[in-house]
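Spelled out from the first residue to the last, the chains are:
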Amino acid sequence: MFISPAFAQGAPAAGGGADMLIQLAPFLLIFVVMYFLILRPQQKRAKAHQEMVNALRRGDVVVTAGGLIGKVSRVIDENEVELQVADNVKVRQLRAHISSVRAKGEPAKDEVIPPPNV
């Protein structure tokens, strides 16, 4: 008497599986968009940074996260490098805190070149 026949006929069925999928679809869509727009590019940048840091060698001119510019004078271990920032001024820097490489240095040569005969 208080409920119209049209409202009573629109009641959900006992299964309700399709309705649940339709309700979850926007959340799934948001997650997929977030993955491709935020998470995946961030993972690519992190991988590229890790490769850059692992490829550091003596003679590379680098910029640290703090803005310090220096030349790699020695690779101490897998976590640290020694930077020369001025004449007779060397600092130890964590590899993870190197933000970019400005110029690649030449690899150290093992052979000794004799001086020219005069």
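Rules of the game
Residues numbered from 1 in each chain as written. Predicted model: local features only at pLDDT ≥ 70, side-chain atom pairs only at ≥ 80, totals over all residues. Heavy atoms only, no water. UniProt positions renumbered as here; feature names shortened; annotations may be inferred. Helix = DSSP H or I, 4+ residues; strand = E, 2+ residues; numbered from the N terminus. Buried < 20%, exposed > 50% of the residue type's maximum accessible area, 1.4 Å probe, protein only. Contact = heavy atoms within 4.5 Å. Areas by Shrake-Rupley, 256 points an atom, 1.4 Å probe, with all protein chains shown as cover. Core = buried A, V, L, I, M, F, W, Y, C linked by side-chain atoms within 4.5 Å. Patch = residues over 30% accessible without salt bridge, like charges linked within 9 Å, V, L, I, M, F, W, Y side chains within 5 Å. Salt bridge = Lys/Arg side-chain N within 4 Å of Asp/Glu carboxyl O. Phe/Tyr/Trp six-rings, centres within 6.5 Å; stacked < 30°, edge-to-face > 60°. Pairing = 2+ DSSP bridges. Axes fitted to C-alpha atoms, helices over the stretch in contact; angles between N-to-C directions.

An unreviewed UniProt entry annotates the protein chain as Sec translocon accessory complex subunit YajC of Xanthobacter tagetidis. On record in UniProt, under Subunit (unreviewed entry), the comment for the protein chain is "Part of the SecDF-YidC-YajC translocase complex. The SecDF-YidC-YajC translocase forms a supercomplex with SecYEG, called the holo-translocon (HTL)."

Caption draft 1: Looking closely at the overall build of the protein chain. Secondary structure summary: the protein chain contains 2 helices and 5 strands in total. Listing each helix as α and each strand as β along the protein chain from the N terminus yields α-α-β-β-β-β-β. Counting the 118 residues in the protein chain, one finds 14% classified as buried. Here the contacts in the protein chain between residues at least 6 apart in sequence split such that 39% fall between residues at least 24 apart. As presented, the protein chain carries roughly 9,800 Å² of accessible surface, and 61% of it is formed by carbon and sulfur atoms.

Caption draft 2: View of the nonpolar core. Membership of the largest hydrophobic core is limited to 6 residues, which are Leu56, Val62, Val72, Val81, Leu83 and Ile98. Each residue touching valine 62, except ones within four places of it in the same chain, is listed here: Leu56, Leu68, Ile69, Gly70, Val72, Leu83, Ile98, Ser100, Val101 and Arg102.

Caption draft 3: Structural view of a nonpolar patch on the surface. The grouping of Leu29, Ile30, Phe31, Val32, Val33, Met34, Tyr35, Phe36, Leu37, Ile38 and Leu39 at the surface amounts to a nonpolar patch, some 1,100 Å² of accessible area in total. Its place among the elements puts isoleucine 30 in helix H2 (residues 17-54). Residue classification places isoleucine 30 among the exposed positions, given a relative accessible area of 52%.

Caption draft 4: Summary view of the pattern of salt bridges. Counted according to the given criterion, the structure contains 2 salt bridges. We note a salt bridge from arginine 74 to glutamate 82, for which the minimum N-O separation is 3.7 Å. Exposure remark for arginine 74: the relative accessible area of 45% places this residue in the partly exposed category. Linking glutamate 80 and arginine 92 is a salt bridge whose minimum nitrogen-to-oxygen distance equals 2.3 Å.

Caption draft 5: Seen up close, the UniProt feature "transmembrane region" (unreviewed entry) in the protein chain. Under the UniProt annotation, the feature "transmembrane region" (unreviewed entry) is placed at residues 20-39. Taken end to end, residues 20-39 has its terminal C-alpha atoms 27 Å apart, with 100% of it in helix and 0% in strand.

Caption draft 6: Region of interest: the side chain of glutamate 82. As for its position among the elements, glutamate 82 is in strand E3 (residues 80-86). Not counting the four nearest positions on each side in its chain, glutamate 82 is found in contact with Lys71, Val72, Ser73, Arg74, Ile76, Lys90, Val91 and Arg92.

Caption draft 7: Main features of the packing of aromatic side chains. The tally for this structure, following the rule as stated, stands at 1 aromatic pair. Where tyrosine 35 meets phenylalanine 36, the ring centres are 5.2 Å apart and the plane angle is 80°; that geometry is what we call edge-to-face. Phenylalanine 36 sits in the partly exposed class, given a relative accessible area of 47%.

Caption draft 8: Region of the structure containing the sheet that holds strand E1 (residues 61-64). The strand order E4-E3-E2-E1-E5 describes an open sheet built from 5 strands, whose pairing is antiparallel. A single partner strand is all that each edge strand has here, and the edge strands are strand E4 (89-94) and strand E5 (98-103). Neighbour-to-neighbour, the strand axes of the sheet open up by a mean angle of 45°, direction not taken into account. Bridge analysis of E3 against E4 gives 6 bridges, and the strand direction is antiparallel. Directly across from glutamate 82, in E4, lies its bridge partner arginine 92.

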